[in-house]
Amino acid sequence: MTPGSGLQAGLKNRHLTMIAVGGVIGAGLFVGSSSGIATAGPGILLSYALVGTLVVLVMRMLGEMSAANPTSGSFSAHADRALGRWAGFSIGWLYWFFWVVVLAVEGTAGAKILEGWVPAIPQWGWALIVMAVLTATNLVSVGSYGEFEFWFAGIKVVAIGAFIVIGLLAVFGVLPGVHTDKASFGNLTSHGGFLPHGPGTILTGVLLVVFSFMGSEIATLAAGESEDPQRAVTKATNSIIWRIGVFYLGSILVVVSLLPWNDPSLAKQGSYVAALNSLGIAHAGEIMNVVVLTAVLSCLNSGLYTASRMAFSLGERGDAPKAFARTTARGVPMAAILASVVFGFVAVFFNYAYPDTVFLFLVNSSGAVALFVWLVICFSQLRLRKIIQREAPEKLVVRMWLYPYLTWITAGFIVFVLGYMLTDTKGESSGRTTVLLSLGVAALVVVIAVVKQKVEAGRAPVAAVEEPEKVTTG
């Protein structure tokens, strides 16, 4: 296959729309919400609202920068320009690391569901099959990734939409054929109050739900391969508010209204499955397992795409091997995809061989990367707004609200959340462990970036002096 001339505009507007919508709905919403409900009770709604507001503000900043300069490197490329090469290098590689670890986590989660359906194939076999199929999809063309994600996201959106409608009908007592004495908005306050464990659990809930929002930014990376990047970024940014409001707050409100927050079935079956089962709907658990599997496959698909495009961007900027920036005739960065999936396969192996040591380290050391990314987006926007206003003000088609005050408030809240995580010392995956390990990995990457930058700066003058001599002696 002949080398290509870079990434191609293979994503259609309908692909970008569903990538933007589905990117917010991660498997974490289906799987992880029960632990948040157990911790904060109905008050978990405030935790989701706080993090949702944070994501809306960060996406607004990212939308401003990406609409002015759509690129496959997204916030890493913006950080490169705004804060320096070291920042683009560091946050790019940390983000890549985050997603290849996610590949292993989601691959294992999907394999567990599939093994339950077809036990003849072992769990590691299913993980291998799932990752191999999605790798092949990504290697064909960006259009095939977009098509898969269009249907994956579509199933998630329809499922959550149906769940909200059915749940609200049950709460109002007008769902045909269903009679439940548990479904009521009274569940929000009647079992120990709205905040049964006190207001402090709102922040504890924030720590539990913050990582389920990672993926909102995928649309800005994908926009670089769309027919109209500026329009795609603007649309994705403007729609983030209703997407988070409906899919997160709406569905969680239904869950804590259908069942008391302390109902043991929430922890045993998962919040969405337990909520549906409480209505006596036949095969509700199996239906929701299909939806969760779809969410897992969607996350895997997007994770591989996102990691490979970040690696491609790093390769283009000289911050990764040059092979990462080469594309096939179909505009696919094959080396970047294969490098990402190889690390993912290795991480899957560690998950089976060393789940409590090596893999636990990988998960914990990438856990706070989402917050680091959001913080870098804040500081990049503070600098880039001034540059764009000076050089090309007509490109500011998306503007951050109340600049620069709201940007500083957002950055302050992210720092506060990181600080609060340091007070969480429970368990092997405590907030403190996650922040300290993530900071350690981040510090290592920053040191490599600074050393690399100094080495390159030292070579530049030498090359400039030597070049004329080669010409004259030739």
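Conventions adopted
Residues numbered from 1 in each chain as written. Predicted model: local features only at pLDDT ≥ 70, side-chain atom pairs only at ≥ 80, totals over all residues. Heavy atoms only, no water. Phe/Tyr/Trp six-rings, centres within 6.5 Å; stacked < 30°, edge-to-face > 60°. Helix = DSSP H or I, 4+ residues; strand = E, 2+ residues; numbered from the N terminus. Axes fitted to C-alpha atoms, helices over the stretch in contact; angles between N-to-C directions. Parallel < 35°, antiparallel > 145°, perpendicular 65-115°, else oblique. Left-handed = near helix turned anticlockwise from the far one by under 90°. Contact = heavy atoms within 4.5 Å. Nonpolar A, V, L, I, M, F, W, Y, C, P; charged D, E, K, R; others polar. Salt bridge = Lys/Arg side-chain N within 4 Å of Asp/Glu carboxyl O. Buried < 20%, exposed > 50% of the residue type's maximum accessible area, 1.4 Å probe, protein only. pLDDT = per-residue confidence, 0-100. Lys, Arg positive; Asp, Glu negative; His and termini not counted. Patch = residues over 30% accessible without salt bridge, like charges linked within 9 Å, V, L, I, M, F, W, Y side chains within 5 Å. Areas by Shrake-Rupley, 256 points an atom, 1.4 Å probe, with all protein chains shown as cover.

Engineer: I'd love a proper account of the packing of aromatic side chains, names of residues and values included.
Structural biologist: Taken as a whole and assessed by the stated rule, the structure comprises 21 aromatic pairs. Ring centres of Y95 and W99 lie 6.2 Å apart, and the angle between their planes is 80 degrees; this geometry places the pair in the edge-to-face category. Of this pair, Y95 and W99 both sit in helix α5 (residues 85–117), four residues apart, which is roughly one turn of the helix. Ring centres of W96 and F343 lie 5.5 Å apart, and the angle between their planes is 65 degrees; on these two criteria the pair is classed as edge-to-face. One end of the pair, W96, is in helix α5; the other, F343, is in helix α15 (residues 334–353), and 247 residues separate them in sequence.

Engineer: Summarise the packing of helix α4 (residues 74–83) against α5; cite the residues concerned and give the values.
Structural biologist: Interhelical geometry of α4 versus α5 gives an angle of 160 degrees and a closest axis separation of 6 Å. In terms of axis orientation, α4 runs roughly antiparallel to α5. Of the two possible hands of crossing, α4 and α5 adopt the one that is right-handed. On α5, the residues that touch F75, S76, A79, D80 and L83 of α4 are R85, W86, A87, G88, I91, G92 and Y95. Residues that form the contact of α4 with α5 fall into these classes: seven nonpolar, three polar and two charged.

Engineer: Explain the pattern of salt bridges to me, and be specific about the residues and the numbers.
Structural biologist: Side-chain pairs of opposite charge can arise whenever the charged atoms involved come near each other. Summed over all chains, the structure comprises seven salt bridges. Where R385 meets E64, a salt bridge forms, and the shortest distance between an N and an O atom there is 2.8 Å. Taken together, the residues R385 in helix α17 (residues 369–391) and E64 in helix α3 (residues 44–68) connect sequence positions 321 residues apart. Considered together, R385 and E64 belong to a single accessibility category, that of buried residues. Here K452 makes a salt bridge to D319, at a shortest N to O gap of 3.1 Å. With a gap of 133 residues between them, K452 in helix α19 (residues 431–473) and D319 in the loop between α14 (284–316) and α15 connect regions that are remote in the sequence.

Engineer: Please set out unusual backbone geometry residue by residue, giving values where relevant.
Structural biologist: Here Y403 and P404 are connected by a cis peptide whose omega angle stands at 0 degrees. Checked against the element boundaries, P404 lands in the loop between α17 and α18 (405–421). Phi is positive for S74, which is not a glycine, with a value near 45 degrees. Note that S74 resides in helix α4. A positive phi angle, close to 50 degrees, is found at L402, a residue other than glycine. The residue L402 is located in the loop between α17 and α18 in this model. Judged by its relative accessible area of 61%, L402 falls in the exposed class.

Engineer: Can you tell me about the confidence of the model for the protein, naming the residues and giving the values?
Structural biologist: Interpretation of this model should avoid reading the predicted coordinates in detail wherever pLDDT is low. In the predicted model, the protein carries a mean pLDDT of 85, and the fraction of residues at 70 or more is 93%. A low-confidence stretch, residues 463–474 stays under pLDDT 50, and its non-local contacts, those more than four residues away or across chains, total zero contacts.

Engineer: Now, about the side chain of K156: what can you tell me, with residues and values included?
Structural biologist: Mapped onto the elements, K156 comes out in helix α7 (residues 142–171). The side chain of K156 is buried and forms no salt bridge, while E149, the nearest opposite charge, is found at 4.5 Å. Setting aside anything within four residues of it in sequence, one finds K156 in contact with G22, I25, E149, T294, A295 and S298.

Engineer: Summarise a nonpolar patch on the surface; cite the residues concerned and give the values.
Structural biologist: Judged by side-chain polarity, V165, L169, F172, V174 and F185 come together as a nonpolar surface patch covering roughly 460 Å² of accessible area. Tracing the sequence through the fold places V165 in helix α7.

Engineer: Requested: an account of the environment of L169, with residues and values cited.
Structural biologist: Note that L169 resides in helix α7. Judged by its relative accessible area of 32%, L169 is partly exposed. With 17 residues separating them in the primary sequence, L169 and G186 have C-alpha atoms 15 Å apart. Those residues in contact with L169, other than ones at most four positions away along the chain, are V174 and L175.

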